[in-house]
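For reference, the chains in residue letters:
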Amino acid sequence: MPKTLFEKIWDRHIVKTIDGGPSVLYIDKHFIHEVTSPQAFKGLEKRGIEVFRPAQIVATADHNVPTLNQHLPIKEELSRIQVQTLVENCQKHQVELYGLGHPYQGVVHVIGPELGITQPGMTIVCGDSHTSTHGAFGAIAFGIGTSEVEMVMATQCLLQSKPKLMRINVEGQLGKGVTAKDIILYIIARISASGATGYFVEYAGSAIRNLSMEGRMTICNMSIEMGARGGMIAPDETTFTYIKGRPFAPQGAGWDQKLAGWKQLYSDKDAKFDMELNIDAPDIEPMITYGTNPGMGVGVTGRIPSTADPKSLAYMGLQAGANIKGKKIDYVFIGSCTNSRIEDLRLVASFVKGRKKADNVEVWVVPGSKQVEQQAIKEGIDKVFAEAGFQLRQPGCSACLGMNEDKIPAGKYCISTSNRNFEGRQGPNARTLLASPLTAAVAAITGEVADIREFI
Amino acid sequence: MSKAINKIASRAVPVHLENIDTDQIIPARFLKATTREGFGDNLFRDWRYNADGTPKKDFVLNDPTYSGKILVAGKNFGCGSSREHAAWAIKDAGFDVVVSSFFADIFKNNALNNFLLPVTVSEDFLQQLFTAIEKDPKTKLDVNLGDQTITANGHSETFEIDDYKKTCLLNGYDDIDFLLSIRGEIEIFEHQYAGI
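For clarity, every value in this text was computed on a predicted model and none was experimentally measured.

Section: the packing of aromatic side chains
Residues and elements named next belong to chain A.
- The final tally for this structure, using the stated rule, is 20 aromatic pairs over all chains.
- Ring geometry for Phe351 against Phe455: centres 6.4 Å apart, planes inclined by 85°, an arrangement best described as edge-to-face. Taken as a pair, Phe351 in helix H12 (residues 342–352) and Phe455 in the segment after helix H15 (437–446) lie far apart in primary sequence, 104 residues in all.
- A residue is classified by how much of its surface remains accessible, and Phe455, at 34% relative accessible area, is partly exposed.
- Taken together, a centroid distance of 5.6 Å and an interplanar angle of 20° make the contact between Phe385 and Phe390 stacked. Across the pair, Phe390 and Phe385 agree in class, each one buried.

A look at the interface of chain B and chain A
- Contact with chain B, which involves 54 residues of that partner, is made by 73 residues of chain A.
- Summing both partners gives a buried area of about 5,100 Å² for chain B against chain A, and 58% of it is carried by carbon and sulfur.
- When the buried area of chain B at its contact with chain A is split by residue, Lys32, Thr34 and Ile196 of chain B rank highest and sum to 17% of it.
- A salt bridge links Glu150 of chain A to Arg36 of chain B, with the nearest nitrogen and oxygen atoms 3.6 Å apart.

What to know about the pairing of strand E10 (residues 199–204) of chain A
Residues and elements named next belong to chain A.
- With six of six residues buried, E10 lies mostly within the body of the structure.
- Here strand E9 (residues 164–171) runs beside E10; their pairing, made up of six bridges, is parallel. Bridged to Lys164 within E10 is Tyr199.
- After leaving E9, the chain enters helix H6 (residues 180–191) and then returns to the sheet as E10, a path that is right-handed.
- Examined bridge by bridge, E10 and strand E11 (residues 230–232) share three bridges and lie parallel to one another. From the neighbouring strand, Val201 faces E11, where its bridge partner is Gly231.

Some words on the layout of surface pockets
- Size it by volume and the largest pocket reaches roughly 830 Å³.
- Taken together, 29 residues line the largest pocket, and the ones lying closest to its centre are Ser161 of chain A together with Asp105, Lys108, Asn109 and Asp162 of chain B.
- Those elements that place two or more of their residues in the lining of the largest pocket are helix H5 (146–155) and strand E8 (157–160) of chain A together with helix H4 (105–112), strand E5 (117–120) and helix H6 (163–171) of chain B.
- Counting residues per element, the lining of the largest pocket draws most heavily on H4 of chain B, at four residues.
- Residue composition of the lining of the largest pocket, by class: eleven nonpolar, eight polar and ten charged.

A look at empty space enclosed by the protein
- Inspection of the entire model under this criterion finds six cavities of 30 Å³ or more.
- Here the lining of the largest cavity is composed, by residue class, of nine nonpolar, eleven polar and five charged.
- Ile224 and Gly227 of chain A together with Gly80, Ala104 and Asp105 of chain B are, among the 13 residues lining the second largest cavity, the residues nearest its centre.
- A class-by-class count of the residues in the lining of the second largest cavity yields seven nonpolar, four polar and two charged.

A short note on the pairing of strand E3 (residues 29–32) of chain A
All names here are of chain A.
- Neither face of E3 is left uncovered, since the one carrying Lys29 and Phe31 and the one carrying His30 and Ile32 both have all their residues buried.
- Across three bridges, the pairing between E3 and strand E6 (residues 123–126) is parallel. Note on E6: the bridge partner recorded for Phe31 is Cys126.
- Across three bridges, E3 lies against strand E4 (residues 57–60) in parallel orientation. Within the sheet, the bridge partner assigned to Phe31 lies in E4 and is Val58.
- Taking the sense of rotation as the criterion, the β-α-β connection linking E3, helix H2 (residues 38–47) and E4 turns out right-handed.

Thoughts on H6 of chain A
Residue and element names in this part refer to chain A.
- Given a rise of 1.5 Å per residue, twelve residues ought to cover 16 Å, and the 17 Å separating the end C-alpha atoms of H6 matches this to within 8%.
- Among the twelve residues of H6, ten are classified as buried, and the element is accordingly described as predominantly covered.
- Listed as buried for H6 are Ala180, Lys181, Asp182, Ile183, Ile184, Leu185, Tyr186, Ile187, Ile188 and Ile191.
- Positive phi appears at Ser192, one or two residues downstream of H6, with a value of about 85°.

Regarding the environment of Glu343 of chain A
All names here are of chain A.
- One can find Glu343 in helix H12.
- Through-space distance from the C-alpha of Glu343 to that of Ser212 is 9.0 Å; in sequence the pair is 131 residues apart.
- Apart from the residues within four sequence positions on either side, Glu343 is in contact with Ser212, Glu214 and Gly215.
- Within the local environment of Glu343, its side chain forms a polar contact with the side chain of Ser212, the two groups lying 2.7 Å apart.

Quick look at the pattern of salt bridges
- Applying the stated criterion across every chain, the model contains 29 salt bridges over all chains.
- Of the charged contacts in the structure, one is a salt bridge between Glu187 of chain B and Arg53 of chain A, with a shortest N-O distance of 3.9 Å. Here Arg53 of chain A lies in the loop between H2 and E4 and Glu187 of chain B lies in helix H8 (residues 183–192), a pairing that spans two chains.
- Judged by relative accessible area, which is 25%, Arg53 of chain A ranks as partly exposed.
- For Lys311 of chain A, the salt bridge identified is with Glu423 of chain A, shortest N-O distance 2.8 Å. Of the two residues, Lys311 of chain A sits in helix H11 (residues 310–316) while Glu423 of chain A sits in the loop between strand E18 (413–416) and strand E19 (431–434), which places them 112 residues apart along the sequence.
- Residue Lys311 of chain A is classed as partly exposed on the basis of its relative accessible area of 33%.
- Through salt bridges with shared partners, a single ionic network connects Arg47 and Glu150 of chain A together with Arg36, Glu84, Asp174 and Asp177 of chain B.

Concerning the sheet that holds E11 of chain A
All names here are of chain A.
- The four strands are arranged E11-E10-E9-E12 in an open sheet whose pairing can be described as parallel. Each end of this open sheet is capped by a strand with a single partner; those strands are E11 and strand E12 (275–280). Ignoring strand direction, the axes of neighbouring strands in this sheet form an average angle of 20°.
- The strands touched by H6 within the sheet are E9, E10 and E12, with E12 carrying the most contacts at an inclination of about 125°.

Rules and cut-offs
Residues numbered from 1 in each chain as written. Chains lettered and ligands numbered in written order. Predicted model: local features only at pLDDT ≥ 70, side-chain atom pairs only at ≥ 80, totals over all residues. Heavy atoms only, no water. Phe/Tyr/Trp six-rings, centres within 6.5 Å; stacked < 30°, edge-to-face > 60°. Helix = DSSP H or I, 4+ residues; strand = E, 2+ residues; numbered from the N terminus. Buried < 20%, exposed > 50% of the residue type's maximum accessible area, 1.4 Å probe, protein only. Contact = heavy atoms within 4.5 Å. Buried area = accessible area lost by both parts, 1.4 Å probe. Salt bridge = Lys/Arg side-chain N within 4 Å of Asp/Glu carboxyl O. Pairing = 2+ DSSP bridges. Right-handed = clockwise from strand over helix to strand, strands pointing away. 1 Å grid on protein atoms, 1.4 Å probe; cavity = no way out; pocket = protein on both sides within 12 Å on 5 of 7 lines; lining within 4 Å. Points joined across faces, edges and corners; volume = space filled by probe spheres on them. Nonpolar A, V, L, I, M, F, W, Y, C, P; charged D, E, K, R; others polar. Expected span 1.5 Å × (residues − 1). Polar contact = N/O pair within 3.5 Å; in protein donor to acceptor, adjacent residues only side chain to side chain. Axes fitted to C-alpha atoms, helices over the stretch in contact; angles between N-to-C directions.

Geometric values such as these leave the question of function open.
Here is the structure:
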């Protein structure tokens, strides 16, 4: 019986299935952070039980950390308590923590892959919806709530119903200036913010296979923005080359053994999907969103649809039928688990080098991890940004969700490489336009929504 | 917080909007607590209150005409972030049921894990509910988990829920109790399991 990539992994992780109910799914890796874990630890203590498999949990502090002066105590009291609570919980329950000050600290979905913790064939969960990122390695990875975080801490298992399966094939050559971020924004605009609810998505096709691991992570990251439980891509040589030699990658004979297993992870030729969608890569333009959910996106040369939700447009201060290109902006945020990896920073730096930001714009670049930050400094990217007038900050989730002090002021427009343009996401009444790092970079230089293809 | 639910008969509060994401239900800046309690005060914070903390008169939660234990909302409710705080906030504000024509997956699980019943109805039935409640805010809804029915003004619709979850909700069991009860089987699985 031919199997999909998803089924090959799922079937190997089922402990048992309840009649008329969900399956008990075994979890290989559990990432935790300061915001969605404290109530789970508290729950365990209330039940009087220990963490079942602490060695399978990795913790970091990311959502709520400042991006300036991380060596100083966190000023905001509630944030400081939350980060401190994580430190105490990890000590008490013997959980490995890459917290503030640690050379591995960073956004949870950046550090897992860069440390080689994320590997093909795994089941991976985290109390964060963008856990779908790790699916780029051919893993079943998805976000969970805090009660589920507690379940995994207590038993290393979750009760899950098998989702429906969708395959999205992206075939052909991407145009100049079009990146992975544009592919996923295009897909979400095509099928809407709820178009994949109930599904787990496999991305396939030549345009996906030609992407780097960073690009694949960007795609899988935003699967949740069309409602999907997760997204995944079959591992290949690009995947194996990326993992090899990373701190937690298998070594020596262990590597060869793992590799043999990983090479079996693909959807069989006649495997059945509940839905398939075909996309022609050359149709994709650099994308930008104009509304208040990630499905409200158009090509950068397009017009805001006349059918767009008036409530959204009123919030955004935009007009139906108007061009989005040329819209003046106030802030640029380059960061988040979607686009804060070294490749993203390199791409931005390569365009920005020798240019200066527009006077009307403030630009924040927030690297995804300490390792990304260090690498950027090593390559001189920090100097390129400084000369352009960009602020290179310290790692964290930052203005993606405005939980720390990195908030976009009310009414201001921000071109953001993050994943959500919801009302108030980047701060009360902030207006977010989602785009790729390249489109963000050109906006930083011109001070408005611009078409990167006219500049490269 | 964990308590069994079966029959809920109540008036309802209509939030007549689609794609309500969890950032609207509870904005990130209110996620700094380390306990599960007290999130109800900030439910729909930025729709409900002005920046200075005064209530926005036109938002339904500030309209004394509407009350009850049932929240009725447009399709794709609870999309976005996995924050369980969204379910905690709704429950903490006194709701036991959310009715919509479509729920985001993670929110649905989070709701069930907090004995907040997500009831998925057809789009037609949902629109009938909005019309009925907005015409007469005293309209009573009857939600019966045992029978898997929701009724308003004599019109009923059945809703889906898996047998396992239904048993949990009717009896006040939670998933952790169940998983802990099979930890022996999990250990046997681990013993045989070599990963991929």
